[in-house]
Amino acid sequence: MKAASWSSLSANYDYVIVGGGSAGCVLANRLSVNPRVKVLLLEAGGDDRFIPFVHVPVGYLWSIANPKVDWCLKTEPVPGLHGRTLAYPRGKVLGGCSSINGMIYMRGQAEDYDGWAGEIGEGGREGGEKEDFGKAWSWKEVLPYFVKSEDYAVKGAKDEMCGDVSTTAAAAATGVVHGVGGEWRVERQRLSWELLDKFRDACAEHGIPKVTDFNKGFNEGSSYFHVNQWNGIRWNTSKAWLHPITTHRSNLTVRTGVHVLKVILDPAGTTALGVEFAHFTSSTVIEKAYAGLETILAAGAVGSPHLLQLSGIGPVDALRAVGVPVLHPLPGVGANLQDHLQLRTVFTVKNVETLNEQYARWWGRVKMGWAYLRHRRGPLSMAPSQVGVFCKSDNTQSRANLQYHVQPLSLDKFGEPLHAFPAFTASVCHLRPSSRGHILLRDSDPRSPPLIQPNYLSTSEDRAIAADAIRLTRRLVLESKALAPFSPQEYIPGSRYASQEELEAAAGRVGTTIFHPAGTCKMGRGDNAMAVLDGRMKVRGVRRLRVCDTSVMPRITSGNTNSPTVMIAEKGSDFINQEHGTWGGQG
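Note that the coordinates shown come from a computational prediction; the quantities given were computed from them, not determined experimentally.

## Thoughts on the state of the cysteines
Piece 1. Enumeration according to the criterion identifies zero disulfides in this entry.
Piece 2. Cysteine C25 is unpaired, with the sulfur of C97 as its nearest cysteine sulfur at 12 Å.
Piece 3. Residue classification places C25 among the buried positions, given a relative accessible area of 0%.
Piece 4. Take C391: it sits in no disulfide, and the sulfur closest to it among the cysteines is that of C203, at 7.0 Å.

Structure, rendered in structure tokens:
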């Protein structure tokens, strides 16, 4: 990085939020409700309103590895994947990953949050008062936050308990499962496929029931995913929480195209004062933003630990190795990286239509475009995965530990063309992996990408479950009456792999990220040396500094992670407003 000259453009705020993504947009909205509170939101990417492909659901195909909206990160070579390096997409645009993800609305399982509650346990508040922080993260306590945010517009669902709920207190009092009128739009998908319907029939043959809703706290079964869309258009967190308020909240400042360089700490390393940042077009000018109440990191499971380490907060040896002065030792920063590894099994089919051949024909592409322009329907409106299945890898599991994302298409990897032959993908991932990776500094330059080592399949348990998952997929597809008319044949990984050793090796060849990194600044009890945060997401040992994004999860949730991140931001804003008395009329 070039030598920098200090800018006189420094400013004071009450709250400085780093990251305008899934969590940051929620925080900016909730913390700026009080007009007397000055809030600054900093985002490295651009404004999603001026990037058309973001808003078309199928636009995710143009988002991955596109530097306009993606950080374009890569992992280090992963031993469990035979030394392969993976692309590691992360949103770099207002709305963050909610602007480039698969739009699936998923909460996870009740046991996920009850497990957090037990792991976080009791903690001390400033002044010595004890409080059970863990209780705040139980399923009973987080459900009202999911409900508060939600605008559940799933028509025809007769067994959902819905209500017009604007506060968490009201949601808890009424006991509803889904909310109506919140910011986070949830809809049914706008198309179906015969092939996917038959896949659900095949699952039913093997004892996996058909369900209508994955989001009641238990998600075993098969269903079409519910998605964050509004009439066939992607509904990201910037549309939901940020853009509607920016024209009339003069106390909220949004800066895009800026790279935060570090958190400013006092000389003792015990208090956060604000941040330093530079505009991407002017790396020689550094600005400062001071936070009178709190600096809040919402840069995600990669960005938040990376920024803490750049600021001198993290594992001592790793910081010293790259020449970063250690201001506050915290060994857990960047550790505990968890992700869902998807095994993308592919089967060729006959006598049924898939997206592969539709897209291969020029008139098929014209038909798709017309259906979307005219009715906001058809393949251009679809999420990357339409059908989901949650099930157990074997009968010893107490709850579903596998998730399928089933797609009426196939390709070698995202960003490459669809296959020229009819086929479908049954992607399966282990929901609660025991493998743990890490995020570490590559060097002391804030503009250098971090070292990302997910350590997929590094435990015998994960390798065994991966092999079981491939076996189960074969049974569902190849040993069911429902799919037999389509003459399915295994294309990937290939029927020649049969033994335990061969299947584990095959998993390492076909496995790839499903884009759910989590846990790198985890919450935990004070006696847990690897816990970065307390149960209110405050950085241990540093005043006025909080992390509020997917990185806070002690353990990854059993499903897609975007909506749990929204819930985390909703709870975080309540914690912050409550602590500082900055409520603005919302509860």
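## Digging into the side chain of Q338
Piece 1. Examined against the element boundaries, Q338 turns out to sit in the loop between β20 (328–329) and β21 (341–348).
Piece 2. The exposure class assigned to Q338 is buried, which follows from its relative accessible area of 2%.
Piece 3. Side-chain polar atoms of Q338 contact the backbone oxygen of P554, separated by 3.2 Å.
Piece 4. Within the local environment of Q338, its side chain forms a polar contact with the backbone nitrogen of I556, the two atoms lying 3.0 Å apart.
Piece 5. Residues in contact with Q338, not counting those within four places in the same chain, are S435, R436, H516, P517, A518, G519, P554, R555 and I556.

## Structural notes on the packing of helix α1 (residues 22–31) against helix α7 (residues 237–246)
Piece 1. Relative orientation of the contacting elements α1 and α7 amounts to 30°, with a least axis distance of 8 Å. Taken together, the axis directions place α1 and α7 in an arrangement best described as roughly parallel. Like other packed secondary-structure pairs, α1 and α7 cross with a definite hand, here left-handed. Of α7, the residues touching α1 (which contributes S22, C25, V26, A28, N29 and R30) are T237, S238, W241, L242 and I245.
Piece 2. The residue makeup of the contact of α1 with α7, split by class, is six nonpolar, four polar and one charged.

## Overview of the pattern of salt bridges
Piece 1. Across all of its chains, the model carries 21 salt bridges by this definition.
Piece 2. One salt bridge connects E119 with K522, and the closest N-O pair in it is separated by 3.6 Å. Taken together, the positions of E119 in helix α3 (residues 110–120) and K522 in the loop between β28 (511–513) and β29 (545–547) put the pair 403 residues apart, joining distant regions of the chain.
Piece 3. The class of K522 is buried, set by a relative accessible area of 11%.
Piece 4. Through salt bridges that share partners, R30, K148, E183 and E570 make up one connected network.

The rules behind these values
- Residues numbered from 1 in each chain as written.
- Predicted model: local features only at pLDDT ≥ 70, side-chain atom pairs only at ≥ 80, totals over all residues.
- Heavy atoms only, no water.
- Disulfide = S-S within 2.5 Å.
- Buried < 20%, exposed > 50% of the residue type's maximum accessible area, 1.4 Å probe, protein only.
- Helix = DSSP H or I, 4+ residues; strand = E, 2+ residues; numbered from the N terminus.
- Polar contact = N/O pair within 3.5 Å; in protein donor to acceptor, adjacent residues only side chain to side chain.
- Contact = heavy atoms within 4.5 Å.
- Axes fitted to C-alpha atoms, helices over the stretch in contact; angles between N-to-C directions.
- Parallel < 35°, antiparallel > 145°, perpendicular 65-115°, else oblique.
- Left-handed = near helix turned anticlockwise from the far one by under 90°.
- Nonpolar A, V, L, I, M, F, W, Y, C, P; charged D, E, K, R; others polar.
- Salt bridge = Lys/Arg side-chain N within 4 Å of Asp/Glu carboxyl O.

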